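As a plain string of letters, each chain reads:
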Amino acid sequence: MPTHRYDTIGRGYTTFRRPDPRIARQIWAAVGEADRIVNVGAGTGSYERTDRRMVAVEPSAVMVSQRDGRIPVVRATAESLPFPDDSFDVALALMTVHDWADLRRGLDELRRVARRQIVFTFDPAIHGSLWVFSEYVPAAVGLDDDTPLELILEALETERVEVVPTPADCTDGFASAYWRRPEGYLSPTARANISAFARLDQRLVDPGMTRLARELASGAWQKRHADLMTKADFDAGLRLVIGGGGPS
């Protein structure tokens, strides 16, 4: 988990990456009544709750500095969790596994410390086909091919996988959040809090954003994507993976 990346791009997370209540409900429905919970790669604390015995794990000092202090946080990486075996009922990993240095090792650690594992992630094949990437920033397509959904499903002995629709007015500004609000992608600050954009040389991003602005002004984008404007939500490849396997 490259802490230096989030020490740079994580500075606006509390503004642009606010938890979406509909996604929160789906995550916590999967958690159920479990009480002892570790949130790995916890960032600024999105989707955490104070009515459970939660511990956050986050390596980035910048991310930790934006937390509100209600949940205890440990500075550590997913690949080396500082807890004994079976310390928790549930291990959460929410929009983080694509940034882990060693995905398989991190997933094994989730299984080691918790009886159940809940991973909020995305299917790179679907995610990469999002119009903003395929039409305007093709350099982002394939960035996460080394985080295949199939590996996560196999490593966690998955019980089930749920589709997580991206609402049209999603408050969590991840990559697919602005699928029906294309002007959102024009904000450099918003893009700085989306790893798919922040990981790229901006010389690969800026020309596409210039063209998007031009096509929004001319109405070309609206004409090409008129079908999107009728939808309340969209399957952009977001998935909730629920695993029930303990240590290997």
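Each chain carries its own residue numbering, running from 1 in the written order of its sequence. pLDDT decides what is reported in this predicted model: residues at 70 or higher carry local features, side-chain atom pairs at 80 or more are listed and counted, and totals for whole chains, interfaces and linings draw on all residues regardless. Think of the side-chain values as coming from all heavy atoms in the structure, minus any hydrogens and water.

Chemist: When you look at the overall build of the chain in this model, what are you seeing that I'm missing?
Modeler: Helix and strand assignments follow DSSP, with helices taken as H or I runs no shorter than four residues and strands as E runs no shorter than two, numbered in order from the N terminus. Secondary structure assignment for the chain yields 12 helices and 9 strands. Referenced to the eigenvectors of the C-alpha coordinate spread, the extents of the chain come out at roughly 60 × 35 × 30 Å. A simple rule labels every residue: compare its accessible area, found with a 1.4 Å probe on the protein chains alone, to the largest value its type can have, and call it buried under 20%, exposed over 50%, or partly exposed in between. By residue count, 55% of the 248 residues in the chain fall in the buried class. Whether two residues are in contact is decided by their heavy atoms, any of which lying within 4.5 Å being enough. For the chain, long-range pairs separated by at least 24 residues make up 71% of all intrachain contacts whose partners lie at least 6 apart in sequence. Residue exposure ignores everything except the shown protein chains as possible cover, and the areas themselves are Shrake-Rupley values with a 1.4 Å probe. Per element, the accessible surface of the chain, about 10500 Å² overall, is 52% carbon and sulfur.

Chemist: Mind showing me how you'd approach the pattern of salt bridges here?
Modeler: When charged atoms on two side chains of opposite charge get close, those side chains can pair. Salt bridge criterion: a side-chain nitrogen from Lys or Arg within 4 Å of a carboxyl oxygen from Asp or Glu. Under the criterion given, the structure shown has 24 salt bridges. Ionic pairing is found between arginine 104 and aspartate 108, a salt bridge with its closest N-O pair at 3.4 Å. With arginine 104 and aspartate 108 both in helix α5 (residues 103–113), this residue pair falls 4 residues apart, about one helical turn. For aspartate 108, a relative accessible area of 30% corresponds to the partly exposed category. One salt bridge in this structure joins glutamate 157 and arginine 111, with 3.3 Å as the shortest N-O distance. Of this pair, glutamate 157 sits in the loop between α8 (149–155) and β6 (158–163) while arginine 111 sits in helix α5, and the two are 46 residues apart along the sequence. Shared partners join several salt bridges into a network, and the residues in it are Arg36, Asp86, Asp89 and Arg115.

Chemist: I keep staring at the packing of aromatic side chains and nothing clicks. Help me out?
Modeler: The geometry of an aromatic ring pair comes down to the distance between the two centres and the angle between the two planes. When the centres of two rings from Phe, Tyr and Trp lie within 6.5 Å, Trp using its six-membered ring, the rings pair. Their planes under 30 degrees apart give stacked, over 60 give edge-to-face, and anything left gives tilted. Across all of its chains, the model carries 9 aromatic pairs by this definition. Judged by centre distance (5.9 Å) and plane angle (85 degrees), the ring pair of tryptophan 131 and tyrosine 136 falls under edge-to-face. A centroid spacing of 5.4 Å and a plane angle of 90 degrees characterise the contact between tryptophan 131 and tyrosine 185, whose relative ring orientation is edge-to-face. Highlighted residues: tryptophan 131 in helix α7 (residues 131–136) and tyrosine 185 in the loop between β7 (166–167) and α9 (188–192), separated in sequence by 54 residues. With respect to burial, tryptophan 131 and tyrosine 185 carry one shared label: buried. Positioned above the aromatic ring of tryptophan 28, the side-chain terminus of arginine 49 is 4.7 Å from the ring centre. Sitting over a ring, as applied to charges here, requires NZ of Lys or CZ of Arg to be within 6 Å of the ring centre and within 35 degrees of the ring normal.

Chemist: What exactly am I supposed to notice about unusual backbone geometry here?
Modeler: It is generally the case that most residues other than glycine have a negative phi and that most peptide bonds are trans. One non-glycine residue, aspartate 86, lies in the positive phi region at around 55 degrees. A positive phi angle, close to 50 degrees, is found at glutamate 157, a residue other than glycine.

Chemist: Honestly, the side chain of glutamate 162 in this entry has me stumped. Any pointers?
Modeler: As for its placement among the helices and strands, glutamate 162 is situated in strand β6. For the purposes of these results, a polar contact is taken to be a pair of N or O atoms within 3.5 Å, where, inside protein, one atom must be able to donate a hydrogen and its partner to accept one; residues adjacent in sequence count only when each atom of the pair is a side-chain atom. Polar side-chain contacts of glutamate 162 include one of 3.1 Å to the side chain of glutamine 26. In contact with glutamate 162, other than residues within four places in its own chain, are Gln26, Leu238, Arg239, Leu240 and Ile242.

Chemist: Before we go on, may I ask you to explain α5 in this structure?
Modeler: Residues spaced three or four apart along an α-helix face the same direction, because each turn holds 3.6 residues. Counting buried positions along α5 gives 8 out of 11 residues, so the element sits mostly inside the fold. If you check which residues of α5 are buried, you get Leu103, Gly106, Leu107, Glu109, Leu110, Arg111, Arg112 and Val113. Where the residues of α5 are buried, they touch β1 (36–40), β4 (88–94), β5 (114–122) and α8.

Chemist: Looking at this structure, how should I read the side chain of arginine 17?
Modeler: Assignment of secondary structure puts arginine 17 in the loop between α2 (13–16) and α3 (21–31). Overall, the relative accessible area of 9% leaves arginine 17 in the buried class. Separated by 2.6 Å, the side chains of arginine 17 and aspartate 172 make a polar contact. A distance of 3.0 Å separates a polar atom in the side chain of arginine 17 from the backbone oxygen of asparagine 193.

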